[in-house]
Amino acid sequence: MHDTATASRPGAARDPAPASVLALRWTLAVLVAGLVAAGATGWAQHRANQARLQAELDAAAAQVAAQLRQRMRSYEYALFATRGAVRVAGGSAEQLTREAFRRFAGSFDLRERFPGARGVGFVRRMPRDQDEAFMEEMRRKGEPGFRIRELNPEGLDARERYLLMFLEPPTAGAAAVEGLDLATELRRRESLRASMLSGEPRISAPLALAQDGTAQPRSFVLSLPVYARGGSLRPEERAQATYGWAVMPLVADEVMADFDSRDGALALALGDLRPWGEAERFFASAGWREAGSRGVKALRLEVFGREWEVRVQALAPFAQRLRLPSPLAAALSVASGFAVLALLLHALLRAAQRQRHEQTLRRRTEQAEAANHAKSAFLAHMSHEIRTPLNAVIGLSQLLQRMALPDKQRLYVDHIASAGTQLLALVNDVLDVSKIEAGEMRLEDVAFEPRPLLHDLRAQAEVLAAGKPLRLQLDVADDFPERLRGDPMRLKQVLLNLLNNAVKFTPEGLVTLRAQALHHEDGRKGLRFDVSDTGIGIAPEQQQAIFEPFTQADASTTRRFGGTGLGLAIVKRLVAMMGGELALQSQPGAGSTFSVTLPLRAAE
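Residues numbered from 1 in each chain as written. Predicted model: local features only at pLDDT ≥ 70, side-chain atom pairs only at ≥ 80, totals over all residues. Heavy atoms only, no water.

Visitor: For this particular structure, what's the right way to read the overall build of the chain?
Guide: Within the chain, the secondary structure is distributed over 17 helices and 18 strands. Within the span of the chain, comprising 604 residues, buried residues form 39% of the whole. Taking the contacts inside the chain whose residues are at least 6 apart along the sequence as the reference set, 69% of them involve residues at least 24 apart. Approximately 33700 Å² of the chain is accessible, and the part contributed by carbon and sulfur atoms is 54%. (Helix = DSSP H or I, 4+ residues; strand = E, 2+ residues; numbered from the N terminus. Buried < 20%, exposed > 50% of the residue type's maximum accessible area, 1.4 Å probe, protein only. Contact = heavy atoms within 4.5 Å. Areas by Shrake-Rupley, 256 points an atom, 1.4 Å probe, with all protein chains shown as cover.)

Structural data, given as structure tokens:
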């Protein structure tokens, strides 16, 4: 008795583990709170530092871009002066002499005022078929050694030459470039044509200067057209009036030699943006580091008709001079060494809890699958067992209907036959759902003629619609196949279910069964069956639920029209088994359209 009483006392042999877990959770909560506070403090300081660093970098990048814009604009003054000198020398390229051009070029200190410029030059525009006349002209001018040279021997423009006549002041490589036909190189040619048509200075894409003897595209040619007459010209008039260009070769490394790096705190990289958005790098300062996009401010700068990408990079001295507070120091002032232990304990507890949860979920899943399988097996077995006596009841009631009975007894027999037929349809639907869920439903693959099947469906629907002010319409497209392969019984079951629903939920109006062939853009073919009605319609929020077993739009629908809610569930599953799709379009009070799309399998 003593042992029994001891064992029966509540709580006498309880496991102390829950109390330990609770204490551990409280400890963990405190430590995690401290760690969260430390992390938040460090993160906030980091964000503040990044915001200030980015703001300072934005300002520095804007200043660099403004300096670069001002520097590039200064070069156009030399071009306008060169164009003016060419015009003063005469109204055509033939009247311009080397001596006159050299006197002009020597009138100002080009290297001091325009760093990176390899001189100023004049490019003459002339037809290619006048080479002999041009060489005769050069001999008359006392330059018999002048030669036409092509950058690309095959050329890019068969009609014209853009000849570099002079490049002053004379340098070691100037003689090597005079006589070059710039029209035979794409980037030079496109830049000269752009300036000719716009009437404004234009700069070329990055290229290698012939006098430098390098293949690296780190230079440019800045050009300004020289017209035979002044005034405002339209683009087509500019092309006719242009007889040459004032040009200035520029070397990017020398142009940016005095770039203000703020004593090594900033690095600069320049790129020419291509039409597809990629930048072609042509300059990078000594401190530039290819380390991603962090600490880099990118700007776009319009330079003489081209778009440059200006990338300014903050180097270590840039952030050091700002003397930003350390996020780590701010976090350590709040956190403690117990935060690491707290995180480890938290991770262990979470892992254990997750494992228990997964085991529980796995058991429940297995139980649910076993219960579902047992349910399907039970329904299939019971459906077979019920149909045998039910067929007898229906058969006997049909025999009684053929006999001469008093009116009251005939009414009873009619009710028995109707109830039996409805019950048999319900049992068949339950059996079909069970077979589908159990994976026991098999589809036939036989050849059949769809048109008689569709007419038979219409006839059956008309029987159901008898007594209603309802019109049934069958619309079969002309190109609909005459023979198909598939399961005609299941196809008929799908369409009959949809037609029965349309007739049931349409008090008056029109029910249409439409069949057509589909021709997709990728060459695939298919079939589409639409069942439309002008009935009560279905609300949007109820359209997904009606495809679930034993579900209708709402309880009032069941009371008013009857039914079990199995028909559409069977239809959806059968259409999926056939490899097709079922769609619904409906508005309350405006009717519904159920569309069945199936892959085409025409019979030979």
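That was the structure; now back to the text.
Visitor: What exactly am I supposed to notice about the packing of aromatic side chains here?
Guide: Geometrically, a pair of aromatic rings is defined through the distance of the ring centres and the angle of the planes. With the rule as written, the count across this model stands at 10 aromatic pairs. Residues F480 and F529 carry aromatic rings whose centres are separated by 5.8 Å and whose planes lie at 70 degrees to one another, so their mutual orientation is edge-to-face. Here the residue F480 occupies a position in the loop between β13 (470-476) and β14 (484-486), and F529 occupies one in strand β16 (residues 525-533), the gap between them amounting to 49 residues. Note on accessibility: F480 and F529 belong to one class, buried. (Phe/Tyr/Trp six-rings, centres within 6.5 Å; stacked < 30°, edge-to-face > 60°.)

Visitor: Even after reading the chapter, I still don't get the pairing of strand β8 (residues 266-273), so can you show me in this structure?
Guide: Put simply, side chains in a regular strand alternate between the two faces of the sheet. β8 sits mainly inside the fold: 8 of its 8 residues count as buried. Both faces of β8 are covered, namely the face carrying L266, L268, L270 and D272 and the face carrying A267, A269, G271 and L273. The pairing of β8 with strand β11 (residues 306-314) spans 7 bridges and is antiparallel. Bridging across to β11, A269 finds its partner in R311. Joining the antiparallel neighbours β8 and strand β9 (residues 279-284) is a turn of 5 residues, in which G277 adopts a positive phi near 100 degrees. (Pairing = 2+ DSSP bridges.)

Visitor: I keep staring at the nonpolar core and nothing clicks. Help me out?
Guide: As a rule of thumb, soluble globular proteins bury nonpolar side chains together. M72, F122, M248, L268 and F318 are the most contacted members of the largest nonpolar core, which totals 58 residues. When residues in this core are grouped by element, the largest group, 11 residues, is from helix α2 (residues 17-89). Those residues in contact with L268 that sit more than four places away from it in its chain are V64, M256, F259, F283, A284, S285, W288, V310, R311 and V312. Membership of the second largest hydrophobic core comes to 41 residues, among which are V494, L527, F547 and L568. (Core = buried A, V, L, I, M, F, W, Y, C linked by side-chain atoms within 4.5 Å.)

Visitor: How should I be thinking about the pattern of salt bridges in this particular structure?
Guide: Pairing is possible between side chains of opposite charge, provided their charged atoms come close. Tallied over the entire structure, the rule returns 34 salt bridges. E190 serves as the salt-bridge partner of R189, at 3.0 Å between the closest nitrogen and oxygen. Residue R189 is classed as buried on the basis of its relative accessible area, which comes to 15%. Judged by its relative accessible area of 40%, E190 falls in the partly exposed class. With a shortest N-O distance of 3.6 Å, R274 and E280 are connected by a salt bridge. Linked by salt bridges that have partners in common, R98, R102, E143, E168 and E178 make up one network. (Salt bridge = Lys/Arg side-chain N within 4 Å of Asp/Glu carboxyl O.)

Visitor: I tried to follow the sheet that holds β8 on my own but got confused; where do I start?
Guide: Note: strands within a sheet are paired through backbone hydrogen bonds, in either parallel or antiparallel orientation. Strand order across the open sheet formed by 4 strands is β9-β8-β11-β10, with antiparallel pairing between neighbours. Unpaired on one side and paired on the other, β9 and β10 (296-303) mark the two borders of the sheet. Neighbour-to-neighbour, the strand axes of this sheet turn through a mean angle of 25 degrees, independent of strand direction. Where β8 meets β9, 5 bridges bridge the pair, whose relative direction is antiparallel. Bridge pairing links D272 to E280 in β9. (Axes fitted to C-alpha atoms, helices over the stretch in contact; angles between N-to-C directions.)

Visitor: In this structure, what is going on with helix α5 (residues 131-140)? I would like to understand it.
Guide: Along an α-helix, residues three or four apart share an orientation, since each turn contains 3.6 residues. Along α5, the residues classified as buried are D131, F134, M135, E137 and M138. What you see down the axis of α5 is that its buried residues fit within an arc of 155 degrees, all on one side. Along α5, the residues that are exposed and aim more than 90 degrees away from the buried face are E132, A133 and R140. Count one or two residues on from α5 and you reach G142, which has phi positive near 85 degrees. (Arc of directions from axis to C-beta.)

Visitor: Just checking my understanding: could you explain helix α14 (residues 450-464) for this structure?
Guide: Between its terminal C-alpha atoms α14 stretches 21 Å, which fits the 21 Å expected from 15 residues at 1.5 Å a residue. For α14, the complete set of buried residues consists of P450, L453, L454, L457 and A461. All buried residues of α14 project into a common sector of 100 degrees when viewed along the axis, lining one side. Contacts made by the buried residues of α14 are with β12 (446-448), β13, β14, α15 (488-504), β15 (509-519) and β16. (Expected span 1.5 Å × (residues − 1).)

Visitor: Quick question: what am I supposed to make of the packing of α15 against helix α17 (residues 567-577) here?
Guide: When two helices pack together, their arrangement is captured by the angle between the axes and the distance separating the axes. Taken N-terminus to C-terminus, the directions of α15 and α17 make an angle of 145 degrees; their axes are 10 Å apart at the nearest point. Viewed along their axes, α15 and α17 form a crossing whose handedness is left-handed. Between α15, through R490, Q493, V494, N497, L498 and N501, and α17, the contact on the second element is made entirely by G567, L568, I570, V571, L574 and V575. The class makeup of the residues in the contact of α15 with α17 is 7 nonpolar, 4 polar and 1 charged. (Left-handed = near helix turned anticlockwise from the far one by under 90°. Nonpolar A, V, L, I, M, F, W, Y, C, P; charged D, E, K, R; others polar.)

Visitor: Sorry, what's going on with the confidence of the model for the chain here?
Guide: Interpretation of this model should avoid reading the predicted coordinates in detail wherever pLDDT is low. Considering every residue of the chain, the mean pLDDT works out to 80; 81% of them sit at 70 or more. Across the chain, the secondary-structure element scoring lowest on mean pLDDT is helix α1 (residues 2-8), at 41, and the one scoring highest is strand β5 (residues 202-203), at 94. (pLDDT = per-residue confidence, 0-100.)

Visitor: In this structure, what is going on with the sheet that holds β13? I would like to understand it.
Guide: Overall, mixed pairing links the 5 strands, which are arranged β13-β15-β16-β18-β17 in an open sheet. Edge strands, defined here as strands with exactly one partner in the open sheet, are β13 and β17 (581-587). Between one strand and the next, the sheet's axes are offset by a mean angle of 15 degrees, whatever the strand orientation. Both β17 and strand β18 (residues 591-599) contribute to a ladder of 7 bridges, which runs antiparallel. Across the sheet, the residue bridging to Q587 is G591, located in β18. Along the sheet face, α14 touches β13, β15 and β16 and points at about 175 degrees away from the line of β13. Running at roughly 25 degrees to β16, α15 makes contact with β13, β15, β16 and β18 of the sheet.

Visitor: Explain the pairing of strand β1 (residues 120-127) here, please?
Guide: Of all 8 residues in β1, 7 are buried; the element is thus mostly enclosed. Here 8 bridges tie β1 to strand β3 (residues 160-168), and the two strands are oriented antiparallel to one another. Paired with V120 across the bridge in β3 is E168.

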